[in-house]
Structure formats: C-alpha cells, structure tokens
Amino acid sequence: MALEIIPIGGFSEIGRNCAALKVDDEVVILDLGLHMEKYIEYTDSDDIVDMSSKSLMDIGAIPDVRTLGNLSKKVVAVCLGHAHLDHMGAVPFLGNKFDCPIYGAPFTMEVLKAMIKDQKIDLRNDLIEQKENSRFRVSKNIEIEFINVTHSTPHAVLIAVHTKYGVVLYANEFKLDEHPTLGNKTNIQRLKELKIKALIVDCLYSTNPTKTPSEMIAKQMLKEILLENDTKGRNIFVTTFSSHIARVKTIKEIGRKMGRKVVFLGRSLAKYALAAQDANITNFSDITIVKYSSKVKKFLSKLSNTDKYLFVVTGHQGEPKAILSRIINNGFFNFKPGDMVIFSCHIIPVPINYDNRKKLEDSIKQKHVRIFRDIHVSGHASREDQRDFFAITKPEFIIPIHGDIPRMEAMKELALEEGYKEKDVFLLKNKEIIKIN
Ligand SMILES: [Zn+2]
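From a predicted model like this one, the values you see are computed outputs, not experimental measurements. (Residues numbered from 1 in each chain as written. Predicted model: local features only at pLDDT ≥ 70, side-chain atom pairs only at ≥ 80, totals over all residues. Heavy atoms only, no water.)

Focus on the pairing of strand β15 (residues 309-313)
Here is step 1 of the chain: Burial within β15 is extensive, with five of its five residues counted as buried.
Here is step 2 of the chain: By the alternation rule, side chains of β15 split into Y309, F311 and V313 and L310 and V312, which are all buried.
Here is step 3 of the chain: Bridge count between strand β12 (residues 236-240) and β15: four bridges; the pairing is parallel. Of the residues in β15, the one forming a bridge with I236 is L310.
Here is step 4 of the chain: Two elements, strand β13 (residues 261-265) and β15, share five bridges in a ladder whose sense is parallel. Bridge assignment links V262 to a residue of β15, and that residue is L310. (Buried < 20%, exposed > 50% of the residue type's maximum accessible area, 1.4 Å probe, protein only. Helix = DSSP H or I, 4+ residues; strand = E, 2+ residues; numbered from the N terminus. Pairing = 2+ DSSP bridges.)

Printed below as a string of structure tokens:
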C-alpha cells in the first residue's frame, strides 16, 4: 500500500486541470477542468455537437478520467480549488461518474450550482461547501484542508491532502499578493507549518522572470484612467473577466466615485455577480444587470444621457457572440469620437483570441473610439513568486502542473537553482502515474 499521484489533465499541457491521489485503496480527485481552447473550438461550431463525456474526453476538452479505470469506484471525494472553468468546468460532464461528494469553497460551489442549473444537468453528487482554512475528513485515510490564497477569483484555495504518508499540497493557481483588494492575503503562516511531501504546483508563468504585481496595481491603473482623466461627456465601456469579482467590484466603486450609474451587461457577469452575492462576498444588488443580448439591445436603445453611465460588459477576448462585439458590430450603440473602451484584462495567448481581438479593436478604431488595453495584472505567480513559494512550502518533491513542457522545464530549472535534485522534480505527462515513498 502506498501513495500514488495519478496525472489526468493539465500535465505537459495548459488546461483541463485534474490530478488524482491514490492513498492505499482510496482515491481523491483534485479539480475537474475544461481545456478552454478545445472546448470552445468544439462547442462554438454551428453544428449540433455530441456533448457526451466520451466525445469530450476523446477530443481532449475535459480530463480523460478513464485513466482511473476501476479506481473510479474508489473515489471518495472530488475537491475543487477555485471557480475558473479550467479547474471546475468539467464537473457537469464527469461528476456523475463518481459516487462521492464534491467539495469546494462557497463561491466555487455557488458558481457550480449556477452552471448546473444553466446546463440543466442532473448531478447526483452532494455539493459540500467548506470554508477557506477549514479541515475536514473525507474518508478513513484522507483529510482535506483548504488554505486560502490570492488569485483572480474569490475563495481560491490550495488543497492540502493529509495522509499517513505525508501531506500532498495541490497548489494550482495562486499569486502572493500582499495587498489584495478583496479577501485575505495568502495564508503563508499555515503553509509554513505544513510538512509537505509532494507539491503539485502551477507552472504557467515559470518562464516569466519577475514577481506578479498586486491587484492593488490594477485598481490604481483603472483609477488613473477613469478618475484622473477628463471623462466628462464620454461614453465608457469596461470589459474584464466576469469571475474576477475583486476587479468588477473595483470598477463598480470607481464608477460610483465618478458619479455614474454602473450597469452590468452579459450572461456570465450576471452569473458570477449573483454567485458572489450568494456566497456573501460582496453586494451587487444595487447594480442593474442585463443578461441576454436581446435585452441589452433594448436596454441601450431606451437610454438617454449614456455618458452618465459606466457600462461593464462581457466579451474581453473579442468573442464574436459576446456583448461587447455585438455592441460594436451590431449597432447596439451610437458611439461618438473620444468615447472609451477599457480592456481590464490581457489577451489569453491562443490564436483564436488574437484574431477576435484584432477584429474587434479594428472595428472600435473605425468609430474613433479610444482603446485602453491591458489595464490588468495577472492572477498567477511568476518565477520569483514560485521561488518564494518553494521557500515557504519546502516540499520534498515538486510536480509542475498547468504548463506545457517548456514551462515545466523552466520550473524544474528553478527548483534546481533552489537546491533540489533532478530526482526530486517530476515532469509528468497525463496518465504517467508515480509512487511517492
Ligand atoms: Zn484560475
């Protein structure tokens, strides 16, 4: 009997995050994410596509849990780290394959509930909310601890799996933000107390030799554009990640300071804003939220004094069907020269996003509307944060996840710089099971 790490998704690739741990005869699954690029490509086509879990696994859009084989029956818990789709978006397709509860922090579970309702999925698993910094038993051999961490969505947790063979820390996506604008700083104190056998850790930005700036910086950047600029008489649209509640809250607060009426336009904004309220993170009940594009068109057509509003909209990657593209390209709004569109995000580095953003920005420019790009800071640890994280957690073994081979190798190089031996760092592919002794 031993401790085994079973890589299922997100190893030597970016997306569909999923790792399983086998502890004697029990298994716990950590994250069930979507591979966003493959999932969007597959579902974006006009044809009716087969959304069965088999088809989605075959094309690599969701974790291929067939890797587990008969061990699927031994799964005692599915634990979700946070509410980003590349970490929990595959639950509607795979949850029913496991006869066990699904655990997550309140915001994560509120988003999951909204997704299941939207997709009309009959999920049989119990959905159990566990607070940040709580510890709970899921079976005779396994205890789980959620440790709060800063990231670009609320209630993100690192998952410490306590076993008789030691602690495995699943740290998939985090930053070390000393000045978060919402929620607490990363619980470094608790991380220092843990004696970590193996660390499964996000290496997405291991090739980025810097420290990721604080969310406070993004707030300052938005303030400079919106409060220290002459915005009088200008129509202003801001787009950002709908799940980035800290950022959305900042935009709302700045809109208030400008004396403008803040409105949210778009389905995903509505979903995440309501989930944030249901999870008692923040209150958006004083915000007008318009969900569907047909309603958005009507809403905008009836408005006068549009320069007294601050419009927060979906569609930051230039998605043709999202609200911002429709507003720009389908004549939902009469722009005038000097109006402003603020992208409080970065372009997620895949070809389809570069194409869509280029098309959208060209249309915006044709209207002589001003574009403010990259008013954003990342939610991911960069190389120097990862170095600090190794020093804080002092794991015996390091297993990079959420990165292609160059990123995983960059993290290995970093670990060697910090005194680790080749044998202590595992660069795994999906399905490449290892035993930890
Ligand atoms: Zn994330």
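Okay, back to it.
Considerations on the nonpolar core
Here is step 1 of the chain: By size, the foremost hydrophobic cluster in this structure holds 62 residues, and its most contacted members are I29, L32, L68, V78, F107, F264 and I342.
Here is step 2 of the chain: If one sorts the elements of this core by residue count, helix α5 (residues 106-118) sits on top with six residues.
Here is step 3 of the chain: When we break this core down by domain, the ones giving at least three residues each are domain 1 (3-211 + 379-436) and domain 2 (215-372).
Here is step 4 of the chain: Among residues more than four places away in sequence, those in contact with F107 are A83, T153, P154, H155, S243, I245, Y272, A275, A276, A279 and I281. (Core = buried A, V, L, I, M, F, W, Y, C linked by side-chain atoms within 4.5 Å. Domains from an automatic or database assignment. Contact = heavy atoms within 4.5 Å.)

Details of the packing of α5 against helix α9 (residues 267-278)
Here is step 1 of the chain: Relative to each other, α5 and α9 sit at 135°, their axes nearing to 8 Å. When the axes of α5 and α9 are compared, the pair comes out oblique. Like other packed secondary-structure pairs, α5 and α9 cross with a definite hand, here right-handed. From α5, F107, E110, V111, A114, M115 and D118 reach across to α9, where they touch K271, Y272, A275, A276 and D278. (Axes fitted to C-alpha atoms, helices over the stretch in contact; angles between N-to-C directions. Parallel < 35°, antiparallel > 145°, perpendicular 65-115°, else oblique. Left-handed = near helix turned anticlockwise from the far one by under 90°.)

With respect to helix α7 (residues 215-226)
Here is step 1 of the chain: The terminal C-alpha atoms of α7, which comprises 12 residues, lie 17 Å apart, in line with the 16 Å expected from a rise of 1.5 Å per residue.
Here is step 2 of the chain: Of the residues making up α7, those classed as buried are E215, A218, K219, L222, I225 and L226. All buried residues of α7 fall inside an arc of 130° around its axis, so they share one side.
Here is step 3 of the chain: At its buried positions, α7 is contacted by β12, α8 (245-257), β15, β16 (340-344) and β17 (370-372).
Here is step 4 of the chain: The backbone nitrogen of M216 lies 3.0 Å from a side-chain oxygen of the residue at the head of α7, namely S214. (Expected span 1.5 Å × (residues − 1). Arc of directions from axis to C-beta. Polar contact = N/O pair within 3.5 Å; in protein donor to acceptor, adjacent residues only side chain to side chain.)

Topic: the coordination of the zinc ion
Here is step 1 of the chain: Surrounding the zinc ion are the protein donor atoms H82 (NE2), H84 (ND1), H151 (NE2) and E173 (OE), which sit 1.8 to 2.2 Å from the metal.
Here is step 2 of the chain: Coordination at the zinc ion comes from four donor atoms whose angles at the metal span 90 to 156°, giving a geometry best classed as irregular. (Donors = N, O, S within 2.8 Å, 3.2 Å for Na, K, Ca; no water. Tetrahedral: all angles 85-135°; square planar, octahedral: opposite > 155°, others 65-115°.)

Side note on the domain arrangement of the chain
Here is step 1 of the chain: Under the domain assignment used here, the chain contains domain 1 (3-211 + 379-436) and domain 2 (215-372).
Here is step 2 of the chain: One C-alpha centre belongs to domain 1, the other to domain 2, and the line joining them spans 30 Å.
Here is step 3 of the chain: The partner domain 2 presents 20 residues to the 23 residues of domain 1 that form the contact.
Here is step 4 of the chain: Both faces considered, domain 1 and domain 2 share a buried interface measuring about 1,800 Å² in area, 63% of it formed by carbon and sulfur atoms.
Here is step 5 of the chain: Of all residues in domain 1, F107, T181 and L182 give up the largest surface area on contact with domain 2, accounting jointly for 31% of the area buried on that side. (Buried area = accessible area lost by both parts, 1.4 Å probe.)

Side note on the pattern of salt bridges
Here is step 1 of the chain: One pass over the structure, following the stated rule, counts 38 salt bridges.
Here is step 2 of the chain: One salt bridge connects K54 with D58, and the closest N-O pair in it is separated by 2.5 Å. Note that K54 and D58 are positioned in helix α2 (residues 53-58) at a spacing of four residues, about one turn of the helix.
Here is step 3 of the chain: By relative accessible area, which is 45% here, D58 ends up partly exposed.
Here is step 4 of the chain: Here R190 ties to E193 by a salt bridge, and the two come within 2.8 Å at their closest N and O atoms. Taken together, the residues R190 and E193, both in helix α6 (residues 188-193) and three residues apart, mark about one turn of the helix. (Salt bridge = Lys/Arg side-chain N within 4 Å of Asp/Glu carboxyl O.)

Digging into the pairing of β12
Here is step 1 of the chain: Along β12, five of the five residues are buried, which leaves the element largely enclosed by surrounding structure.
Here is step 2 of the chain: Side chains I236, V238 and T240 of β12 all project onto a buried face; the interleaved residues F237 and T239 project onto the opposite face, where all are buried too.
Here is step 3 of the chain: In terms of strand pairing, β12 meets β16 through five bridges, oriented parallel. Bridge pairing in β16 links I236 to M340.

Observations concerning the sheet that holds strand β5 (residues 102-104)
Here is step 1 of the chain: The strand order β6-β5-β4-β3-β2-β1-β19 describes an open sheet built from seven strands, whose pairing is mixed. Edge positions in the open sheet fall to β6 (127-129) and β19 (434-436), since each of these has one partner strand only. Strand-to-strand, the axes of this sheet are offset by a mean angle of 25°, without reference to chain direction.
Here is step 2 of the chain: The strands touched by α5 within the sheet are β5 and β6, with β6 carrying the most contacts at an inclination of about 155°.

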